[in-house]
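# Report on the structure
Residue strings, one per chain:
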Number of protein chains: 2
Amino acid sequence: VAEELLAAVDIGGTKTTASVSGPQGILARVYQATRKRGDEGTIPRQVEYLVARACRNAGVVRARITALGISTASPFDRRDGHLVVVSPNICGGLARERELTPNDWTGIPLEEHLAGSYPTLRIGNDCITAAVAERLFGAGRGENDLVYVTWSTGIGAGAFVDGHLLTGKNDNAMHLGHTIMSWDFAGQPQCGCGGYAHLEALAAGPAIQREYGASPRQAFERYRAGEAKAQGVVRRLALIMARGLYNVVSLLDSRLIILGGSVSKNWDVLEPLVTGEFYAGFAPLTRGVIFRRSQLDEHLGDLAGLSLVMPEAWVAPWQDHRPWEQAPRQVVLEESAGEEGVGP
Amino acid sequence: VAEELLAAVDIGGTKTTASVSGPQGILARVYQATRKRGDEGTIPRQVEYLVARACRNAGVVRARITALGISTASPFDRRDGHLVVVSPNICGGLARERELTPNDWTGIPLEEHLAGSYPTLRIGNDCITAAVAERLFGAGRGENDLVYVTWSTGIGAGAFVDGHLLTGKNDNAMHLGHTIMSWDFAGQPQCGCGGYAHLEALAAGPAIQREYGASPRQAFERYRAGEAKAQGVVRRLALIMARGLYNVVSLLDSRLIILGGSVSKNWDVLEPLVTGEFYAGFAPLTRGVIFRRSQLDEHLGDLAGLSLVMPEAWVAPWQDHRPWEQAPRQVVLEESAGEEGVGP
């Protein structure tokens with residue numbers, strides 16, 4: 001009997017990756033720029049193409065794939081019961097600025113298009129899937145009450161409460177970046193989504209650029225060099241994030257907060273600022289909470305979607321052998337490749 | 001074979017109630033002022049006394065009680081694995097003002113004290129238990145993604161996500177009243193817990209009193225009479241609550257929000273204000289969310305703790321016959337009764 005094989009796909013605003021894995025590890029990885037021209041079926045067809053190419057590179061038959069796990073940009077909507085991606089970063093019909101999204105899509109019918117092709121199909125947003133991956137293989141092992149937070153160009157999260165993965169009615173749980181951090185909008189920055197005073201508008205990477213006038217990398221460099229302006233901007237950012245995380249813990253009573261994403265890579269600077277402010281919050285809710293840096297940052301593209309569909313029997317061997325650290329090189333496909341479908 | 005009997009207790013800052021129920025309905029109900037003098041075992045002993053008195057009034061033997069469900073003021077802490085109530089409204093050792101809490105308790109060892117006395121013991125805070133009751137018998141029937149919110153002298157909540165009741169590491173989930181509604185504390189009111197800009201400090205009943213200079217009841221009366229000042233205060237309150245509820249939905253992707261508590265009884269005034277502001281939030285997260293008033297407000301004292309331990313087989317008949325509406329009169333016990341223990 002041939003071994004079970006799994007496919008994993010990660011759909012981002014700029015690139016989409018696919019991989020095929022067997023019980024011993026990742027067999028092939030491919031990526032391509034995320035397609036943004038054509039009809040609303042374009043991206044589902046790209047997913048099928050990339051999985052087929054990953055299978056070909058791995059030397060396996062596509063029909064052996066028993067499950068596909070997709071980690072994707074979000075939010076989601078539900079149409080006729082099927083999950084639809086309604087991300088303004090990909091769907092031109094929903095974007096506030098059309099330059100990067102040369103299409104008029106109002107939704108990507110991922111589930112409807114792909115459900116017939118795989119015995120098991122699971123779809124989650126990129127932070128919810130990251131939470132699953134960190135709990136299985138990273139900084140969250142064995143923890144039932146955890147929050148994974150991406151602190152990067154945007155801010156998002158995924159959470160387990162009492163061992164249960166929060167998804168919600170349309171799989172839109174944990175849009176932490178869009179929580180309101182000031183009930184009074186006066187003088188507060190506007191978010192990419194159109195809202196005001198959202199955590200993402202106040203504390204993600206672009207907020208550093210806006211407040212400091214240079215890149216987050218430069219701001220942290222100058223923070224370390226002791227520059228007063230950089231220190232002011234970073235301290236304010238950390239304070240706001242700490243209060244956003246306090247709000248999460250007030251609602252979820254989490255024990256562990258895992259920080260991932262590019263901004264959080266400056267954890268040496270941020271940790272004392274964030275945790276100091278966090279523990280100043282209401283003691284019965286904040287005591288006993290611990291913070292950790294992500295352990296999987298650069299592997300989430302491979303592990304996030306995969307974790308959604310990984311059979312129980314694979315988990316312990318993968319935890320022991322960490323095969324993602326010996327994954328094959330990612331093969332770049334030309335932008336036009338596969339535009340006509342799963343061929344050639 | 002004698003029928004299974006259940007006991008339910010509701011521990012509040014001022015009174016504690018107990019009831020005994022059989023499959024057909026509530027058999028007896030008693031209440032007494034919550035005891036605040038003595039050692040830390042005082043309240044657990046009061047619970048045992050009240051259950052014993054309810055049994056006596058019902059004419060049943062205490063030994064037939066198979067499960068006790070407790071709904072209580074919170075928050076909780078965990079000591080040696082056991083849930084401990086650390087409510088500043090009851091524990092003088094934790095209170096900021098000692099007048100109402102003439103004791104030096106730092107925690108009420110409810111679980112440790114009572115676990116041996118009942119085959120099944122479940123404890124939840126009064127909002128989490130209310131969410132369970134509303135989902136079984138009230139405004140939340142059949143709904144897997146709901147939030148119950150108490151909007152009263154304080155603000156609290158309980159939630160189901162994907163059909164899972166959120167409890168968290170120390171059963172402290174959904175302390176909505178203590179979420180921060182302004183990252184900048186300057187000029188923001190202080191909460192009873194000591195924090196700043198908490199939703200409870202900004203939008204609970206006492207905030208109306210503070211801003212309007214008269215009781216919430218008077219403010220709503222004058223709102224209806226068209227008074228400008230009352231309208232300004234109530235509108236601001238509703239706006240802040242709407243943004244707090246938006247934050248909950250951003251994290252939990254709920255479908256239904258149930259409002260209970262004394263302030264929410266003015267739902268005729270509040271509904272258009274709260275929902276209008278709420279739906280102005282990020283559309284993928286807010287569309288499809290519905291609001292309802294609590295259906296069990298005055299019955300929560302009886303149903304909240306009971307719902308935690310009610311056997312599956314009782315649920316459908318109770319849903320059909322609503323026996324809580326024909327419950328016996330609540331018997332008031334003297335403050336001193338039972339101070340010496342479960343006797344006489």
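Note that the structure is a prediction, hence the values are computed from the model and not measured.

What counts and what doesn't
- Residues numbered from 1 in each chain as written.
- Chains lettered and ligands numbered in written order.
- Predicted model: local features only at pLDDT ≥ 70, side-chain atom pairs only at ≥ 80, totals over all residues.
- Heavy atoms only, no water.
- Contact = heavy atoms within 4.5 Å.
- Buried area = accessible area lost by both parts, 1.4 Å probe.
- Salt bridge = Lys/Arg side-chain N within 4 Å of Asp/Glu carboxyl O.
- Polar contact = N/O pair within 3.5 Å; in protein donor to acceptor, adjacent residues only side chain to side chain.
- Helix = DSSP H or I, 4+ residues; strand = E, 2+ residues; numbered from the N terminus.
- Nonpolar A, V, L, I, M, F, W, Y, C, P; charged D, E, K, R; others polar.
- Pairing = 2+ DSSP bridges.
- Axes fitted to C-alpha atoms, helices over the stretch in contact; angles between N-to-C directions.
- pLDDT = per-residue confidence, 0-100.
- Parallel < 35°, antiparallel > 145°, perpendicular 65-115°, else oblique.
- Left-handed = near helix turned anticlockwise from the far one by under 90°.
- Buried < 20%, exposed > 50% of the residue type's maximum accessible area, 1.4 Å probe, protein only.
- Expected span 1.5 Å × (residues − 1).
- Least-squares fit on C-alpha atoms with pLDDT ≥ 70 in both.
- Arc of directions from axis to C-beta.

## A look at the interface of chain B and chain A
Contact residues are listed per partner, giving 51 residues for chain B and 50 residues for chain A. Taken over both partners, the interface formed by chain B and chain A buries close to 4,300 Å², and the fraction arising from carbon and sulfur atoms is 60%. When the buried area of chain B at its contact with chain A is split by residue, B:Lys169, B:Trp183 and B:Leu251 rank highest and sum to 23% of it. Counting every contact that joins chain B to chain A gives 4 salt bridges. Inspection of the chain B/chain A interface yields 34 residue pairs in polar contact (both at pLDDT 80 or more). For the side of chain B that touches chain A, the secondary-structure elements that each account for two or more residues are β5 (76–79), β10 (164–165), α7 (228–252) and α9 (283–286) of chain B. The leading source of residues in the side of chain B that touches chain A is α7(B), at 10 residues. Here the residues of the side of chain B that touches chain A sort into 25 nonpolar, 15 polar and 11 charged.

## Focus on the side chain of B:His175
Note on placement: B:His175 falls in the loop between β10 and α4 (199–203). Once you skip the residues sitting within four places of it in the chain, B:His175 turns out to touch A:Ser250, A:Leu251, A:Leu285, B:Ser74, B:Pro75 and B:Asn125.

## Here's the deal with the sheet that holds strand β13 (residues 330–332) of chain A
Sheet strands pair via backbone hydrogen bonds, and the direction of the pair is either parallel or antiparallel. All names here are of chain A. The 6 strands lie next to each other as β7-β4-β1-β2-β3-β13, forming an open sheet whose pairing is mixed. Only two strands of the sheet have a single neighbouring strand rather than two, namely β7 (120–125) and β13. Each strand axis lies, on average, 15° off the axis of its neighbour in the sheet, ignoring direction. Note that strand β4 (residues 65–72) and β7 share 6 bridges and pair parallel. Residue pairing across strands places Thr72 opposite Asn125, the latter belonging to β7. Sheet contacts for helix α10 (residues 300–309): β1 (5–11), β2 (15–22), β3 (25–33), β4 and β7; angle to β4, the most-contacted strand, approximately 125°. Taken strand by strand, helix α11 (residues 312–321) contacts β1, β2 and β3, and its axis lies near 100° from that of β2.

## Comments concerning the confidence of the model for chain A
Here chain A averages 95 in pLDDT, while 98% of its residues score no lower than 70. Among the prediction metrics, the complex's ipTM stands at 0.96, with pTM recorded as 0.96.

## Brief notes about the packing of helix α7 (residues 228–252) of chain A against helix α8 (residues 267–279) of chain A
Residue and element names in this part refer to chain A. With their axes 8 Å apart at the nearest point, α7 and α8 run at an angle of 50° to one another. One element, α7, and the other, α8, form an angle in the oblique class. Pair α7 / α8 crosses with right-handed handedness. Residues Val234, Arg235, Ala238, Leu239, Ala242, Arg243, Leu245, Tyr246 and Val249 of α7 form the contact with α8, whose own contacting residues are Val269, Leu270, Leu273, Val274, Glu277 and Phe278. Its residues assigned to classes, the contact of α7 with α8 shows 12 nonpolar, no polar and 3 charged.

## Quick word on the sheet that holds strand β12 (residues 290–293) of chain B
All names here are of chain B. Taking strand neighbours across the sheet as the criterion, the 5 strands line up as β10-β9-β8-β11-β12 in an open arrangement whose pairing is mixed. Two strands bound the open sheet, and with one partner strand each, they are β10 and β12. Packed on one face of the sheet, α7 meets β8 (146–151), β9 (155–161), β11 (256–260) and β12 and runs near 150° to β8.

## Let's talk about the side chain of B:Asp77
Within the secondary structure, B:Asp77 is located in strand β5. Owing to a relative accessible area of 15%, B:Asp77 belongs among the buried residues under this scheme. At a separation of 3.3 Å, a polar atom in the side chain of B:Asp77 contacts the side chain of A:Arg287. Leave out the neighbours within four places in its chain, and B:Asp77 touches A:Arg287, B:His82, B:Leu83, B:Val84, B:Val86 and B:Asn170.

## Let's talk about helix α3 (residues 126–137) of chain A
Here α3(A) contains 12 residues, and its C-alpha end-to-end distance of 16 Å stays within 8% of the 16 Å for a straight helix at 1.5 Å per residue. Across the 12 residues of α3(A), 9 count as buried, placing the element largely inside the fold.

## Brief notes about the relation of the copies chain B and chain A
Its rotation angle being 180°, the transformation that places chain B on chain A also includes 0.0 Å of axial translation and leaves an RMSD of 0.0 Å. Both copies of the chain, as the preceding transformation shows, are related through a two-fold rotation axis. Considering only C-alpha atoms, the part of chain B nearest the rotation axis is B:Ser182, at 2.0 Å. Looking at the interface residues of chain B, 98% of them are also at the interface in chain A, so both copies use one shared face.

## Describing the packing of α3(A) against α10(A)
Residue and element names in this part refer to chain A. Two numbers describe how α3 lies on α10: the axes approach to 8 Å, and their chain directions differ by 90°. Classified by the interaxial angle, the pair formed by α3 and α10 is roughly perpendicular. Contacts from Thr129, Ala130, Val132, Ala133, Leu136 and Phe137 of α3 reach α10 at Leu300, Leu303, Ala304, Gly305, Ser307 and Leu308. Grouping the constituent residues of the contact of α3 with α10 by class yields 9 nonpolar, 3 polar and no charged.

## Thoughts on unusual backbone geometry
All names here are of chain A. Cis geometry is found at the peptide bond from Ser74 to Pro75, where omega equals 10°. For Pro75, the position within the fold is in the loop between β4 and β5 (76–79). For Ala197, which is not a glycine, the phi torsion comes out positive at approximately 65°. Inspection of the secondary structure assignment puts Ala197 in the loop between β10 (164–165) and α4 (199–203). The phi dihedral of Arg322 falls on the positive side, at around 45°, and the residue is not glycine. Its relative accessible area of 23% is what places Arg322 among the partly exposed residues.

## A word on the pairing of β2(A)
Residues and elements named next belong to chain A. The buried fraction of β2 amounts to 7 of the 8 residues, a majority that puts the element mostly inside the structure. Across 6 bridges, β1 lies against β2 in antiparallel orientation. Among the inter-strand pairings, Ile11 is bridged to a residue of β2, identified as Thr16. If you look at the hairpin formed by β1 and β2, you'll find 3 residues sitting between the two strands. Examined bridge by bridge, β2 and β3 share 8 bridges and lie antiparallel to one another. Each bridged residue has a counterpart across the sheet, and for Ser21 the counterpart in β3 is Ile26. A loop of 2 residues connects β2 with β3, the two strands running antiparallel in sequence.

## Structural notes on helix α5 (residues 205–212) of chain A
Residue and element names in this part refer to chain A. For α5, the full list of buried residues reads Gly205, Ala207, Ile208 and Tyr212. For α5, the buried positions fall inside an angular range of 160° around the axis, keeping them on one side. In this fold, the buried residues of α5 make contact with α4, α6 (216–224) and α7. Gly213 sits one or two positions beyond α5 and adopts a positive phi of about 85°.

## Examining the environment of B:Asn103
Residues and elements named next belong to chain B. Tracing the chain through its elements places Asn103 in the loop between β6 (82–85) and α2 (110–114). Residue class for Asn103 comes out buried when judged on its relative accessible area of 6%. Counting along the chain gives 56 residues from Asn103 to Ala159, while the straight-line C-alpha distance between them is 33 Å. Among residues more than four places away in sequence, those in contact with Asn103 are Lys36, Ile90, Cys91, Gly92, Gly93 and Arg98. At 3.0 Å, the side chain of Asn103 forms a polar contact with the backbone oxygen of Lys36.

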